[in-house]
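A look at the structure
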Amino acid sequence: MPQITRILETALYVEDLPRATAFYRDVLELNVMSAGPRMTSINAGQGSVLLLFKRGATTEGLTFATGWIPPHDGSGPAHFAFAIKAPDLEAWAARLDEHGVAVESRVEWSAGGVSLYFRDPDGHSVELATPGVWPTY
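Parameters and conventions
- Residues numbered from 1 in each chain as written.
- Predicted model: local features only at pLDDT ≥ 70, side-chain atom pairs only at ≥ 80, totals over all residues.
- Heavy atoms only, no water.
- Pairing = 2+ DSSP bridges.
- Helix = DSSP H or I, 4+ residues; strand = E, 2+ residues; numbered from the N terminus.
- Axes fitted to C-alpha atoms, helices over the stretch in contact; angles between N-to-C directions.
- Contact = heavy atoms within 4.5 Å.
- 1 Å grid on protein atoms, 1.4 Å probe; cavity = no way out; pocket = protein on both sides within 12 Å on 5 of 7 lines; lining within 4 Å.
- Points joined across faces, edges and corners; volume = space filled by probe spheres on them.
- Nonpolar A, V, L, I, M, F, W, Y, C, P; charged D, E, K, R; others polar.
- Salt bridge = Lys/Arg side-chain N within 4 Å of Asp/Glu carboxyl O.
- Buried < 20%, exposed > 50% of the residue type's maximum accessible area, 1.4 Å probe, protein only.

So, about the sheet that holds strand β8 (residues 103-108). Read from one edge of the open sheet, four strands run β7-β10-β9-β8, paired in mixed fashion. The sheet is open, and its two edges are formed by β7 (79-83) and β8, each paired on a single side. Direction aside, the axes of adjacent strands within the sheet are offset by 20 degrees on average. Pairing between β7 and strand β10 (residues 125-129): five bridges, direction parallel. Following the sheet pairing, Phe 80 is matched in β10 by Val 126. In the packing of helix α2 (residues 89-98) onto the sheet, the strands contacted are β8, β9 (114-119) and β10, and the crossing angle to β9 comes to about 15 degrees.

Below you can see the structure in the form of structure tokens.
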């Protein structure tokens, strides 16, 4: 059986695309790879991509010269996690505080990992997680 190697893309649907892009670029210091009126692609590290879609802008799909992307959309708050190094945890907590981003929860996991949970401007639950959160991480 062929194996899946990793998640390549994670998509969030946002009301205000420039505001969401600024949050991930300025607060989390992620690099924007491309930006347009319906989507922003962001380098989320180690070959993974965070896609920010303007909510409702992808419900009809997209046809272009080499293919077609089927329709998709989402509503309500989603959750995802960024992997961080354990020694960087407190620096991340301080950075969030400097930008007025409240840490909603801090969890210390039995395997030694620690997670910080906070909200992005659209209410999505974002997690910064150190090794020891999952058996695979």
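Considering only enclosed or pocket space, the largest pocket measures out at about 1000 Å³ in volume. In this structure, the largest pocket is lined by 31 residues; those nearest its centre are Ala 44, Ser 48, Ala 81, Phe 82 and Ala 83. Residue assignment for the lining of the largest pocket shows that the elements contributing at least two residues are β4 (49-54), β7 and β10. Of the residues that constitute the lining of the largest pocket, the class distribution is 20 nonpolar, six polar and five charged.

Okay, the pattern of salt bridges next. Scanning the model with the defined rule gives seven salt bridges in all. In this structure, Arg 95 engages Glu 29 in a salt bridge whose closest nitrogen and oxygen atoms are separated by 3.0 Å. Placement of the pair is Arg 95 in helix α2 and Glu 29 in the loop between α1 (17-27) and β2 (31-35), with a sequence separation of 66 residues. For Arg 95, a relative accessible area of 17% translates into the label buried.

All right, on to the sheet that holds strand β3 (residues 39-43) then. With respect to topology, four strands assemble into an open sheet ordered β1-β4-β3-β2, the strand pairing being mixed. If you trace the sheet from one side to the other, it starts and ends with β1 (9-14) and β2, each paired once. The mean inter-strand angle of the sheet, taken between neighbouring strand axes irrespective of direction, is 25 degrees. As judged from the four bridges shared by β2 and β3, these two strands associate in the antiparallel manner.

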